[in-house]
Amino acid sequence: MKATFFMIGMEVEKYADAVKREHDMGMEQGNHTWDHKTLTHLTPPDIAKEITSTNDVIRSITGQNPTVFRPPGGGTNANVQATSQGMPLILWNIDTVDWETRDAQNTYNIVMNEVGDGDIILMHEIYDSSYDAACMIIPDLLRRGYQLVTVSELAKLKGVDLKAGGVYSYF
């Protein structure tokens, strides 16, 4: 199984081994800006700097640019879309609120009660509770017959051609 990981640029070097391992395992790597600022409050040059700086540091470790972009908080507007450095903007349609609750059982319940074909689930790998939830969620989704894929693989399976600056939250 695979997943898409959206990375905050200022954290990438600190976790360079994990970033390289994700890349080597065939995970999709996405850009989540340099320092998680709300992009809709920034000028186009500042948006571009947030994205370009993150692309640069990820490429320095993996040799490749991220393929997808997630704006912090899902905040997007015409400036964010136009400045996405050629990447599609990937949002979500299931928010586990793991960042707020930090409760593995709650995260599990949200996913298992809401999940359907084509969903994009938002979780954060920085919390132990999210890891614990994933350890429960993944086998149960597989038992239900779901296939776990990257965002780009999901789009392709659903016949969606991801466009630069396009906004996607479900396939």
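Residues numbered from 1 in each chain as written. Predicted model: local features only at pLDDT ≥ 70, side-chain atom pairs only at ≥ 80, totals over all residues. Heavy atoms only, no water.

**Q** Report on the pattern of salt bridges, specifying residues and quantitative values.
**A** Evaluation of the coordinates by the stated rule reveals nine salt bridges. Glu11 serves as the salt-bridge partner of Lys14, at 3.0 Å between the closest nitrogen and oxygen. A relative accessible area of 57% means that Lys14 is categorised as exposed. Given the relative accessible area of 26%, Glu11 is considered partly exposed. (Salt bridge = Lys/Arg side-chain N within 4 Å of Asp/Glu carboxyl O. Buried < 20%, exposed > 50% of the residue type's maximum accessible area, 1.4 Å probe, protein only.)

**Q** How would you explain helix H6 (residues 104-114) if you had to name every residue and give the values?
**A** Those residues of H6 that sit buried are Ala104, Thr107, Tyr108, Ile110, Val111 and Met112. Those residues of H6 that are buried lie in contact with strand E5 (94-95), helix H5 (98-101), strand E6 (121-122) and helix H7 (128-143). Backbone nitrogen of Gln105 and a side-chain oxygen of the N-cap are separated by 3.0 Å at the start of H6; the cap is Asp103. (Helix = DSSP H or I, 4+ residues; strand = E, 2+ residues; numbered from the N terminus. Contact = heavy atoms within 4.5 Å. Polar contact = N/O pair within 3.5 Å; in protein donor to acceptor, adjacent residues only side chain to side chain.)

**Q** So, the nonpolar core: which residues are in play, and what are the values?
**A** Judged by nonpolar contacts, Ile94, Ala104, Tyr108, Ile110, Val111, Met112, Val115, Ala133, Ile137, Leu141 and Leu148 together constitute the single largest core of eleven residues. Of all the elements in the fold, those that place two or more residues in this core are H6 and H7. Those residues in contact with Ile110, other than ones at most four positions away along the chain, are Ile94, Asp95, Thr96 and Val97. (Core = buried A, V, L, I, M, F, W, Y, C linked by side-chain atoms within 4.5 Å.)

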